[in-house]
Amino acid sequence: MAAPGFLSCTKCLVLALVFAIAAGGALIYSGLYPVGADDRHTPLTYWALETLRERSVDRASDEIEVPADLDTSDRLLAGGADYNDMCAGCHLKPGKAQSDFALGLNPQPPNLTQQHQDEEALESQARKRFWVIKHGIKASGMPAWGPNHDDERIWDMVAFLRRLPELSPEQYQILTTRGADDANHH
Amino acid sequence: MTHKPLLWLTTLPALLLALSVQAHEPSEHMEGDEKPNCSEMKEMDHSEMDMDDPVMQAMMKKCKHHMDKSDADSKESQHKHSESDDDAPRKSNHDH
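Conventions adopted
Residues numbered from 1 in each chain as written. Chains lettered and ligands numbered in written order. Predicted model: local features only at pLDDT ≥ 70, side-chain atom pairs only at ≥ 80, totals over all residues. Helix = DSSP H or I, 4+ residues; strand = E, 2+ residues; numbered from the N terminus. Contact = placed C-beta atoms within 7 Å. Buried ≥ 20, exposed ≤ 12 C-beta atoms within 10 Å, placed from the backbone. Nonpolar A, V, L, I, M, F, W, Y, C, P; charged D, E, K, R; others polar. pLDDT = per-residue confidence, 0-100. Domains from an automatic or database assignment. Core = buried A, V, L, I, M, F, W, Y, C linked by C-beta atoms within 7 Å.

Bringing the overall build of chain A into the picture now. Within chain A, the regular secondary structure consists of eight helices and zero strands. When the helices and strands of chain A are placed in sequence order, the string is α-α-α-α-α-α-α-α. Within chain A, counting contacts between residues at least 6 apart in sequence, those at least 24 apart form 70% of the total.

Structure, rendered in structure tokens:
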């Protein structure tokens with residue numbers, strides 16, 4: 001007597017799954033979903049995207065080995081100039097609270113000039129930052145810099161990010177200026 | 001009358017282009033030509049600096065080149081200035 005009940009339940013589940021797939025397909029093809037960056041996601045979507053991103057980066061960066069010489073002046077100088085050229089437009093610089101890019105992107109890019117409350121271990125933070133800079137994040141505005149920047153150059157940027165929240169606008173200006181003598185560096 | 005739509009077609013994109021240019025800070029596009037502002041470093045109290053700090057070391061490295069260069073430039077200009085002062089009477093004598 002239990003078998004027919006079980007079968008009917010399975011049937012219900014299959015039907016529900018088919019209905020969900022059909023409804024999802026209909027929503028995609030209808031064009032009703034708003035894709036404008038100025039249309040905010042729901043809190044549930046933000047949670048889902050953030051959790052997906054954090055878990056994925058966590059897992060993917062787990063095996064990366066952090067160089068021991070990350071806190072050196074040479075790395076700060078090389079990474080600073082690259083940060084200013086490639087990242088500051090979205091992730092800001094000391095003395096600047098907003099930019100055209102940061103305002104227009106959704107989700108908003110993190111302000112890397114600020115020390116975050118939930119600061120994690122330096123080592124794991126460095127691993128994750130390296131992975132994100134190298135591989136980027138899909139559909140977020142964060143590009144992958146790996147295809148045209150070698151690992152050392154990306155580690156230089158990670159080194160600079162570590163010290164960025166402590167820098168004054170004057171220190172930032174000195175460290176990130178690419179002088180004529182730096183032109184041959186890369 | 002027939003030129004009116006054509007006028008709109010040309011002025012509207014021009015207006016939009018002008019507005020989009022105003023939306024960005026022009027200074028942001030000039031950063032490639034920027035020089036490090038090392039005058040701040042010169043005024044700092046060097047005894048209070050932590051020379052073991054990589055940030056300070058990086059600033060010193062960056063500014064050393066520029067400070068040396070500006071010192072050399074000022075010495076050179078002073079030298080040229082004194083030379084031209086020395087030359088001035090000679091020139092005036094020569095003219096006579």
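The next subject is the overall build of chain B. A tally of regular secondary structure across chain B gives three helices and zero strands. Sequence-ordered secondary structure for chain B, helices as α and strands as β, is α-α-α. Each of the 96 residues in chain B was classed as buried or not, and the buried ones make up 6%.

The next thing to look at is the interface of chain A and chain B. If you look at the interface, chain A gives 16 residues, while chain B gives 18 residues. Those elements giving two or more residues to the side of chain A that touches chain B turn out to be α3 (73–86) and α8 (169–176) of chain A. Considering each element in turn, the side of chain A that touches chain B owes the most residues, five residues, to α8(A). Taken together, the residues that form the side of chain A that touches chain B break down as four nonpolar, seven polar and five charged.

This paragraph deals with α8(A). With six of eight residues buried, α8(A) lies mostly within the body of the structure. For α8(A), the full list of buried residues reads A:Gln171, A:Tyr172, A:Gln173, A:Ile174, A:Leu175 and A:Thr176.

Residues and elements named next belong to chain B. Confidence in the prediction for chain B averages 63 pLDDT; 34% of positions are at 70 or higher. Across chain B, the element-wise mean pLDDT spans from 52 in helix α1 (residues 4–22) up to 75 in helix α2 (residues 39–43). Here residues 15–30 scores under 50 on pLDDT; set against residues more than four positions off or in separate chains, the count is two contacts.

A separate point is the domain arrangement of chain A. Splitting chain A by domain gives domain 1 (1–33) and domain 2 (45–182). Look at where the C-alpha atoms of domain 1 of chain A and domain 2 of chain A centre, and you get two points 43 Å apart.

The next thing to look at is unusual backbone geometry. All names here are of chain A. Following Asn106, the chain continues into Pro107 via a peptide bond in cis, with omega recorded as 0 degrees. Positive phi outside glycine occurs at Leu92, with the angle close to 70 degrees. Mapped onto the secondary structure, Leu92 falls in the loop between α4 (88–91) and α5 (100–104). Judged by the 21 C-beta atoms lying within 10 Å of it, Leu92 falls in the buried class. Not every positive phi belongs to a glycine, and Ala139 is a case in point at roughly 50 degrees. With respect to the secondary-structure elements, Ala139 resides in the loop between α6 (122–135) and α7 (151–163).

Let us now look at the nonpolar core. Within the largest apolar cluster, 31 residues are counted, with the highest numbers of intra-cluster contacts made by A:Phe130, A:Met157, A:Val158, A:Phe160 and A:Leu175. The set of elements that each furnish at least two residues to this core consists of α3, α6, α7 and α8 of chain A together with α3 (54–95) of chain B. Considering each element in turn, this core owes the most residues, seven residues, to α7(A). Apart from the residues lying within four places of it in its own chain, the contact partners of A:Met157 are A:Gly79, A:Asp82, A:Tyr83 and A:Ile133.

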